[in-house]
Amino acid sequence: MTRVFSGIQPTGNVHLGNLLGALVHWVEDQHRSDSLYCVVDLHALTFPQDPTELRSTTLRLAQLLLAIGLDPDVCTLFVQSHVPQHTQGAWIMECTASVGELRRMTQFKDKSAKAQFVSGGLFTYPALMAADILLYDATHVPVGDDQRQHVELTRDLAERFNSRYGQTFVIPEATYPRAGARVMDLQAPTSKMSKSAESAAGTILVLDEPKAIERKIKRAVTDTETEVRYDVAAKPGVSNLLSILGAATGRTPEEAAVGYSQYGPLKTDTAEAVVELLRPIQARYTELAEDPAETRRLLAVGAGKAEEIAAATLARAKEALGLLPG
Ligand code: TYM
């Protein structure tokens, strides 16, 4: 039996990179595997957050995940801070990771270089992420390409723990989508699309209006050639559009390139595919947003299911470590 676990941070707005790189695959995976999905609010605390904003972003993100198609009768959807085993597991993983390993994390290097205040949590963040995954005996972790190094570290930590203290954790494997694993910024197509991009024009938000989506894609940076071809190194802008078009229509970027000889039609079709992909999600989100109490009820049920699994794994790890039972 495969067990899937993945998470997303409640910071800023969900963008097309999150959707195509991860979330659409969560929806597919829930029908194939026993799946758990988590709004990782504790991860968001690695940077100072506005409390009112964090509370509302967490709830809205859960509603968006339901709108995208997560079915709480099929998968387990919950909020990280509702399951206390995550922080306990994180401590065990912090004591399993070396400072050298944590220092090598490129996301820490990038984020700490840009931040004015670098919290201890930003540094130990991958240990919390490892705990998230290992607590659920996850066999598969669907993520975008930017999380590759964190999942590799999780595997190393699980292997190290198991060899020191005996078989305790399942070794997970990251899974990446065929297209969309790395959605790039439309204005700077050599950087990934992100919530903290310099220019809002480079990021398509899942809740953007159709007009805004059309405008952003129309203005996307391409190159001075005219040939439509998937070649990330030589043609990052065009390749990004092909990757988005492919992911939005269930094809590889190479397949999506067939039949185009000009950038104009490629942009028009990409915009249309994205608008069509987002239309039903936006409609359902609007409905769900009207009933926050129901979302909170669903999240409480999810946390209950998650805690049962996490508590059993944590108990196994504590026993293996030699912590005296209480
Ligand atoms: P986060 O919240 O930054 O992103 C959520 C998911 O979206 C993917 N993603 C992208 N995919 C393609 N192109 C992009 N431009 C792009 N930007 C983001 C991410 O790879 C991710 O899959 N550390 C994680 C959250 C996390 C987690 C976990 C994930 C915490 N614990 C356990 C898996 C398992 C993060 O910050 O993702």
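Please refer to the structure higher up on the page.
Summary of the structure given here. Model, not experiment: these values are computed from the prediction.

1. Quick word on the overall build of the protein
From N to C terminus, the protein includes 13 helices and 5 strands. What you see for the protein is a C-alpha radius of gyration of 20 Å, in line with the 20 Å of a compact globule of 326 residues. On the principal axes, the C-alpha backbone points of the protein span a range of 70 × 45 × 40 Å. Per-residue burial for the protein yields a buried fraction of 51% across its 326 residues. Taking the contacts inside the protein whose residues are at least 6 apart along the sequence as the reference set, 76% of them involve residues at least 24 apart. Surface accessibility of the protein: about 15,400 Å² in total, with carbon and sulfur atoms responsible for 53%. Mean positive and mean negative side-chain charge positions of the protein (33 and 40 charges, respectively) differ by 3 Å.

2. Here we look at the site of the ligand
The ligand sits among 28 residues. The nearest are Gln9, Tyr125, Asp132, Asp146 and Val183. Between a nitrogen atom of the ligand and a side-chain N or O atom of Gln147, the distance comes to 3.1 Å. Contacts to the ligand include Val183, whose backbone N or O atom sits 2.7 Å from a nitrogen atom. In isolation the ligand exposes 710 Å². Once the protein is present, 96% of that is buried. Breaking the shell around the ligand down by element, the ones donating at least two residues are β1 (3-8), α1 (16-32) and α7 (120-134). Taken together, the residues that form the shell around the ligand break down as 12 nonpolar, 11 polar and 5 charged.

3. Here's the deal with the state of the cysteines
Counted under the stated rule, the structure contains 0 disulfides. There is no disulfide at Cys38, and the cysteine sulfur nearest it, in Cys75, is 12 Å away.

4. Concerning the environment of Pro51
Looking at the secondary structure, you find Pro51 in helix α3 (residues 51-68). For the pair Pro51 and Thr252, spaced 201 residues apart in sequence, the C-alpha to C-alpha distance is 41 Å.

What counts as what
Residues numbered from 1 in each chain as written. Predicted model: local features only at pLDDT ≥ 70, side-chain atom pairs only at ≥ 80, totals over all residues. Heavy atoms only, no water. Helix = DSSP H or I, 4+ residues; strand = E, 2+ residues; numbered from the N terminus. Rg over C-alpha atoms; globule rule 2.2 N^0.38 Å. Buried < 20%, exposed > 50% of the residue type's maximum accessible area, 1.4 Å probe, protein only. Contact = heavy atoms within 4.5 Å. Areas by Shrake-Rupley, 256 points an atom, 1.4 Å probe, with all protein chains shown as cover. Lys, Arg positive; Asp, Glu negative; His and termini not counted. Charge placed at Lys NZ, Arg CZ, Asp CG, Glu CD. Near = heavy atom within 4 Å. Polar contact = N/O pair within 3.5 Å; in protein donor to acceptor, adjacent residues only side chain to side chain. Nonpolar A, V, L, I, M, F, W, Y, C, P; charged D, E, K, R; others polar. Disulfide = S-S within 2.5 Å.

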